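Letter by letter, the chains look like this.
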Amino acid sequence: MAAASPGQRLNVAPQERMNVAMIGYSFMGRAHAQAWSTVGRHFDLPVQPHMKVVVGRSAEKVEEARAKLGFEEAATDWREVVARDDIDIVDICTPGSSHHEIAIAALEAGKHVLCEKPLANTVEEAQAMADAAEKARVNGVRSMVAFNYRRVPALAHAKQLIEQGVIGDIRHVRAVYLQDWIVDPEFPLVWRLQADLAGSGALGDIGAHIIDLAQHLTGATVEELTGHTHTFVTERPLAEGSDGLSATGSGGTGPVTVDDAALVIARMSDGALATFEASRFATGRKNGLRIELNGSKGSIAFDLERLNELELFTADGTPATEGFRRILVTEGDQPYMEAWWPPGHIIGWEHSFVHEVRDLVVAIAEGNDPQPGFAEGLQVQQVLDAVQSASDQRGWVTVPE
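Every value quoted in this text rests on a predicted model; they were computed, and no experiment measured them. (Residues numbered from 1 in each chain as written. Predicted model: local features only at pLDDT ≥ 70, side-chain atom pairs only at ≥ 80, totals over all residues. Heavy atoms only, no water.)

Focus: the sheet that holds strand 4 (residues 89-92)
No. 1: Strands sit in the order 3-2-1-4-5-6 across an open sheet of six strands; the sheet is parallel. Strands with a single pairing partner mark the edges of an open sheet, and in this sheet they are strand 3 (73-75) and strand 6 (143-146). Pairs of neighbouring strands in the sheet enclose a mean axial angle of 25°, with direction left out of account.
No. 2: Two strands pair when backbone bridges link them, and strand 1 (residues 17-23) and strand 4 are joined in this way by four bridges, in the parallel orientation. When the sheet's bridge partners are listed, Ile23 is paired in strand 4 with Ile92.
No. 3: Helix-sheet contacts for helix 1 (residues 27-42) involve strand 1, strand 2 (48-55), strand 4, strand 5 (112-116) and strand 6, and the interaxial angle to strand 2 is about 155°. (Pairing = 2+ DSSP bridges. Helix = DSSP H or I, 4+ residues; strand = E, 2+ residues; numbered from the N terminus. Axes fitted to C-alpha atoms, helices over the stretch in contact; angles between N-to-C directions. Contact = heavy atoms within 4.5 Å.)

Points about the environment of Val190
No. 1: You can see Val190 is positioned in the loop between strand 7 (170-178) and helix 7 (195-198).
No. 2: Given a relative accessible area of 1%, Val190 falls into the buried group.
No. 3: Measuring from C-alpha to C-alpha, the distance between Val190 and Pro237 comes to 9.1 Å, with 47 residues separating the pair along the chain. (Buried < 20%, exposed > 50% of the residue type's maximum accessible area, 1.4 Å probe, protein only.)

Comments concerning the pattern of salt bridges
No. 1: Enumeration over the complete set of coordinates arrives at 23 salt bridges.
No. 2: Glu292 serves as the salt-bridge partner of Arg290, at 3.6 Å between the closest nitrogen and oxygen.
No. 3: Salt bridges here are not isolated pairs; linked through shared partners, they connect Lys52, Glu72, Glu73, Arg84 and Asp86. (Salt bridge = Lys/Arg side-chain N within 4 Å of Asp/Glu carboxyl O.)

Structural notes on the environment of Val82
No. 1: Secondary-structure assignment places Val82 in helix 3 (residues 78-83).
No. 2: Owing to a relative accessible area of 3%, Val82 belongs among the buried residues under this scheme.
No. 3: Residues Val82 and Ala109, 27 residues apart in the sequence, show an inter-C-alpha distance of 7.0 Å.
No. 4: Here Val82 is in contact with Val90, Ala105, Ala106, Ala109 and Lys111, once residues within four sequence places are set aside.

This is the structure we're talking about:
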């Protein structure tokens, strides 16, 4: 079967199903569960995913999650679930500290794997995961990293326009991802602020997204960079019970061991210059991702707060009238949009996850490698590591090939 383009509806009647086991059920787990429950209702799939089992540490809480999210079963031992013969896909929505162990066990058990970003907490862990994925691939086992913003239709459309040469050769990439959810110094010490669980702070949590996007849209990689990371609040109240975005204090304080913000200047493999800024201390910014690419013939810009739109400038030689124009990405011939609503009826953030699992299921069914794979996840991890090294060394660092 020929590979389907994003948004193309497959006229293939479902003949079997794939059972999904999701490990973790908090913020990202809810987003993934919504995608699994929705994808088959809007896209015609060659194989239907079935929400078989959700896994968590607390029997009581995971049962509540099962009932709320729509899974058939709840379990507390991910190792038992991964070993089950009736599980086909393992979806990892846990903190980064457990990605490595779960993903490798799942791949060795012959399960397809979807893993949240960043791929791991260290380059060494990511390398082991990429090696396991390559070994499993020989036996038809597929794996993908969940960089969901690649699946925003406007960004997928931007990718098409760039590949078509609409803005010419890329010269500059500017990307920022700004949040403010930990500006209050009394916000508790949740797991996302602890290096042993999260790996890094704003750098890995949201910086990974814009690094992946820049490389995905340009088709180039970050070759060399310098950067700086900084932690503004170094001690926080200890947390009791958290979904990673909110928590209640339990008395006492503990050290923040990750960065609050990261700044990067980079050279890309295609000769472009790039800047990246990731901060969870940008007061007033809730989820402010913006990326702009300047080329020899024009520019493209995207703002997540206007998710259904692109800004496009093309030089036509008439300065009196040329300027950025707004493209509303809701037409049926634009990426993924054929499955949704009539033109002008916008979609939201959660739809990027629906498109993500759609692409994974189709790739598995057609025997193709979904993108981005673990090798791409490893490469992003190498960039993150290089940023931290540059900050520590206060100099330029070459990203390993």
